[in-house]
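Inside the fold
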Amino acid sequence: MSLAKKLRVEGRIANYDREFEGAIEIDTATGLIEYVGPIEGRSDLPTDGCIIFPGFGDLHIHAREDVSGSQCYKEDFVTNSNAAIHGGVVHVADMPNNPVAPIDDEKYAAKELLTQKSAVHVTLYAGIGPQTQPLKRHVPYKAFMGPSVGDLFFRSQEQLETAIANYRGRNVSFHCEDPEILEANKNAPTHEQRRPASAEITATEFALYLIEKYELIGKLCHYSTGDGLKKISAAKARGLRVTCEATPHHLFFDDSMLTEQNRLWLQMNPPLRGPKDRIALIAALKNGLVDYIATDHAPHTIEEKLKGISGVPLLDTYGSFATWLMTEHNFTARDIARVCAYNPGLFVREFLPAGLGKGFGLIEPGYAGSLTILDLNTPYAVTRESVRTKCAWSPFEGYTFPGSVRYTVLNGNVHQAS
Amino acid sequence: MQKLKHIISTTQLLNRKLQEHLFVSAAQMERDDAQRTLSRPLSGRILATIFYEPSTRTRLSFEAAMQKLGGGVLTAENARDSSSAAKGESIADAIRVISGYADVIALRHYEEGAAKAAAKISPVPLINAGDGIGEHPTQALADIYTIEKELGGRDGLRVALVGDLLYGRTIHSLLPLLCLYPGVQIDLVSPAQLRLPAKYIQHLERQGVHFRESDKLGASIKSADVIYITRVQKERFASPQEYEAIKDVYVIDSKIADKLKKHAIIMHALPRVNEIAPEVDSNSRAAYFRQAKNALYIRMALLNYLLA
């Protein structure tokens, strides 16, 4: 560790609303950005060909670790943090579908203790199940509508509404797949047909109804269907407090790309949709209807994947995926700053502990001194050996992203990403 | 800093620590309200809203704030015509008597300086709910709270104040708070006859705030983070002809709204007449209804601060 009290980084800086040449000074004692000003030609880090972003935030990951430790063979908070840093992610929000699920204050606090090992800040969701009650603490919640991985799910809309009625005014994220439609299609031949688009669209309508009726601050997770997006757009226009995530896999892959070789590797919930859905999702991410890139990082071992378990690990490739959006889909640096940094920062702000200043998502004095520095000229060829997630594989293996993460800065501490 | 007894002018609210305290408190109240878990810290206390000038919205907002905190409300809606004022009673007497019944007073008056004069003799906390063309500090605080909430309280904000800057009391109250932001840039957009009064211009100059004046909105549309538009107030004009001539000089419609920066916000203290087309309401930049809701929570935070 350097003894210097300040880290100074100069270069091209992108906030969600402004892109400029400038200098950032981070006080390494407080870990906060102290100063943003003009370039003076004395940067502690080389940033040629790079864009300096506020540190990226991934609002949807499964780090797998809980007090039982029974899933730690897939991932834990340390390996998860390594994968995040590799992908340029400075804070994450971890889902509650653990064997010992954080559904009350005590279990939540116990899981929170485990996150201290993580170098990147971890916000924990608390789980909502048929029998749960809100915590005394102010935390974000997650409701799984239908069966996925774990036990926190509902069998019908009625059962879900009964539970949600206790969570009036809370911040609730929804996994939108209607359990009855999944049940009706469970014998269809492919994974994609067993979990059809109609399951997500019906569940979206119901989630929006619950958000409105119970004054929730709602978030729809890993959104995948073009037709559902129209409903979200209408709800936003009506003034509902609802935001929406999209994953790299739903933006990058669609069902037309499935082959017998990759089918098992690209199995996740919700599944890949058609090319039209994918194009609609990219457009919605660009125009602001979709608010966040959140990975749904879901590590499973290679053996498990070959058995047909759903979920893909994506933290390692978060930052390089952003460069793909810039090169392939003309996202501006400001667009990236919005969906990868600013909006995720807004989401977690009210849940952050003291000491992180104004929080994440902006390069401004008073905000956390965490940066993601993307190198737009150095491609990243994804290999199994290069990823740091414990499950040690990536759905992007063999693909070469146009750019890469050069540095991830965590509260003034520099981590070389590659 | 010493706890404030009365809230009369925005200049009392320039302390960042106090602002932060009130903003955190307002956010907490909003959360608790949505969760229906508000405690009733002001149970048994009474707010009197004495309005010598009609303002249904401000009055209801104060009364709702008090009731949500468990307190009671005494209300004099048209105090100018219906109370003893009509019989010639002085405001001083009215305050002395009402303060015997109420624990806090929200006063709206048609004369600038009325609130300050009333506070001098009021034994209970008095809140200025607008005094003529003077100030409206709770509105200004709610406006800053809205800007912080929506834009994160940034350095280098570009704020366009549009419309009636001469009589627009919300603007006058907001300016000193805006000046606290490092690097803030202010566009003053108004017809020549409704320019910002010289004393506020001088204040901006003294504070070294970067500002420009214009009678055209055009230049501000692409650069502004905040567009704050005011109603040209009919009641401030001597003749209807004068009012008619300039009432609709600035109108924000969808075409203009869509040209604003993606994250810019449109603010308005409401009520609006034609300044913002209804079609803009569904634009994500339209912050004015959220702004009105924020005012409720700010007033709750203030009442709680003054009384709890």
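Residues numbered from 1 in each chain as written. Chains lettered and ligands numbered in written order. Predicted model: local features only at pLDDT ≥ 70, side-chain atom pairs only at ≥ 80, totals over all residues. Heavy atoms only, no water.

The next subject is the sheet that holds strand 3 (residues 104–109) of chain B. All names here are of chain B. What the four strands build is an open sheet, ordered 2-1-3-4; its pairing is parallel. The strands lining the two open edges of the sheet, one partner per strand, are strand 2 (72–76) and strand 4 (126–131). Here the strands of the sheet are splayed against their neighbours by 15° on average, with no regard to which way each runs. Across five bridges, the pairing between strand 1 (residues 46–51) and strand 3 is parallel. Each residue of the ladder has a partner; that of threonine 49, found in strand 3, is alanine 106. Along the sheet, helix 4 (residues 91–98) contacts strand 1, strand 3 and strand 4; its crossing angle with strand 3, the most-contacted strand, is approximately 155°. Relative to the sheet, helix 5 (residues 114–121) contacts strand 3 and strand 4, its axis offset from that of strand 4 by approximately 165°. (Pairing = 2+ DSSP bridges. Helix = DSSP H or I, 4+ residues; strand = E, 2+ residues; numbered from the N terminus. Axes fitted to C-alpha atoms, helices over the stretch in contact; angles between N-to-C directions. Contact = heavy atoms within 4.5 Å.)

So, about helix 2 (residues 105–114) of chain A. Residues and elements named next belong to chain A. What helix 2 keeps buried is the set Tyr108, Lys111 and Leu114. All buried residues of helix 2 lie within an arc of 110° about the axis, which places them on one face of the element. More than 90 degrees from the buried face of helix 2, the exposed residues found are Glu106 and Leu113. Tucked into the core, helix 2 has its buried residues touching helix 1 (77–86), strand 6 (89–94), strand 7 (121–124) and strand 8 (126–128). (Buried < 20%, exposed > 50% of the residue type's maximum accessible area, 1.4 Å probe, protein only. Arc of directions from axis to C-beta.)

Residues and elements named next belong to chain B. Domain annotation for chain B reports domain 1 (10–136 + 294–307) and domain 2 (137–292). For domain 1 and domain 2, the distance between their C-alpha centroids amounts to 25 Å. Opposite the 30 residues of domain 1 that make contact, domain 2 presents 28 residues. When domain 1 packs against domain 2, the two sides together hide about 2500 Å² of surface, and 59% of this comes from carbon and sulfur. For the domain 1 face of the interface with domain 2, the top three residues by lost area are Phe23, His136 and Asn294, together amounting to 28%. In this structure, the connection of domain 1 to domain 2 is made through four salt bridges. Arginine 16 serves as the salt-bridge partner of glutamate 148, at 3.2 Å between the closest nitrogen and oxygen. At the boundary of domain 1 and domain 2, one finds 20 residue pairs in polar contact (both at pLDDT 80 or more). Contributions of two or more residues to the side of domain 1 that touches domain 2 are made by helix 1 (16–34), helix 2 (56–68), strand 4 and helix 12 (288–307). A total of seven residues in the side of domain 1 that touches domain 2 trace back to one element, the largest contributor, which is helix 1. (Domains from an automatic or database assignment. Buried area = accessible area lost by both parts, 1.4 Å probe. Salt bridge = Lys/Arg side-chain N within 4 Å of Asp/Glu carboxyl O. Polar contact = N/O pair within 3.5 Å; in protein donor to acceptor, adjacent residues only side chain to side chain.)

So, on to the packing of helix 3 (residues 157–164) of chain A against helix 6 (residues 197–213) of chain A. Residues and elements named next belong to chain A. For the pair helix 3 and helix 6, the least separation of the axes is 11 Å and the interaxial angle reads 25°. Relative to helix 6, the element helix 3 lies roughly parallel. Note that helix 3 runs across helix 6; the crossing there is right-handed. In contact with Gln157, Leu160, Glu161 and Ile164 of helix 3, helix 6 contributes Thr202, Phe206, Tyr209, Leu210 and Lys213. Looking at the contact of helix 3 with helix 6 residue by residue, the class counts come to five nonpolar, two polar and two charged. (Parallel < 35°, antiparallel > 145°, perpendicular 65-115°, else oblique. Left-handed = near helix turned anticlockwise from the far one by under 90°. Nonpolar A, V, L, I, M, F, W, Y, C, P; charged D, E, K, R; others polar.)

Turning our eyes to something else, we now look at the interface of chain A and chain B. Listed as interface residues are 25 residues of chain A and, on the opposing side, 17 residues of chain B. Between chain A and chain B lies a buried interface of about 1800 Å² when both sides are counted; carbon and sulfur atoms form 37% of it. Run the count over chain A and chain B and you get four salt bridges. The closest approach of N and O atoms between A:Glu215 and B:Arg36, which form a salt bridge, is 3.7 Å. Counting every contact that joins chain A to chain B gives five residue pairs in polar contact (both at pLDDT 80 or more). Those elements that place two or more of their residues in the side of chain A that touches chain B are helix 9 (275–287) and helix 12 (333–349) of chain A. Looking at the side of chain A that touches chain B element by element, the count peaks at five residues for helix 12 of chain A. A breakdown of the residues in the side of chain A that touches chain B according to their chemical character gives six nonpolar, six polar and 13 charged.

Below, the discussion takes up a nonpolar patch on the surface. Taken together, the side chains of B:Leu74, B:Val97 and B:Tyr101 present a nonpolar region at the surface, about 280 Å² in accessible area. Mapping B:Leu74 onto the fold places it in strand 2. (Patch = residues over 30% accessible without salt bridge, like charges linked within 9 Å, V, L, I, M, F, W, Y side chains within 5 Å. Areas by Shrake-Rupley, 256 points an atom, 1.4 Å probe, with all protein chains shown as cover.)

Turning to the nonpolar core, a few remarks are in order. Core analysis: the largest hydrophobic core is formed by 103 residues, its most contacted members being A:Phe53, A:Ile164, A:Phe174 and A:Leu220. Examining the composition of this core, we find that eight residues originate from one element, helix 12 of chain A, more than from any other. Discounting chain neighbours no more than four positions away, the residues touching A:Ile164 are A:Ile128, A:Ala143, A:Val172, A:Phe174, A:Leu210, A:Tyr214 and A:Leu216. Core analysis: the next-biggest nonpolar cluster, separate from the first, contains 65 residues, A:Tyr367, B:Leu18, B:Ile144 and B:Leu175 among them. (Core = buried A, V, L, I, M, F, W, Y, C linked by side-chain atoms within 4.5 Å.)

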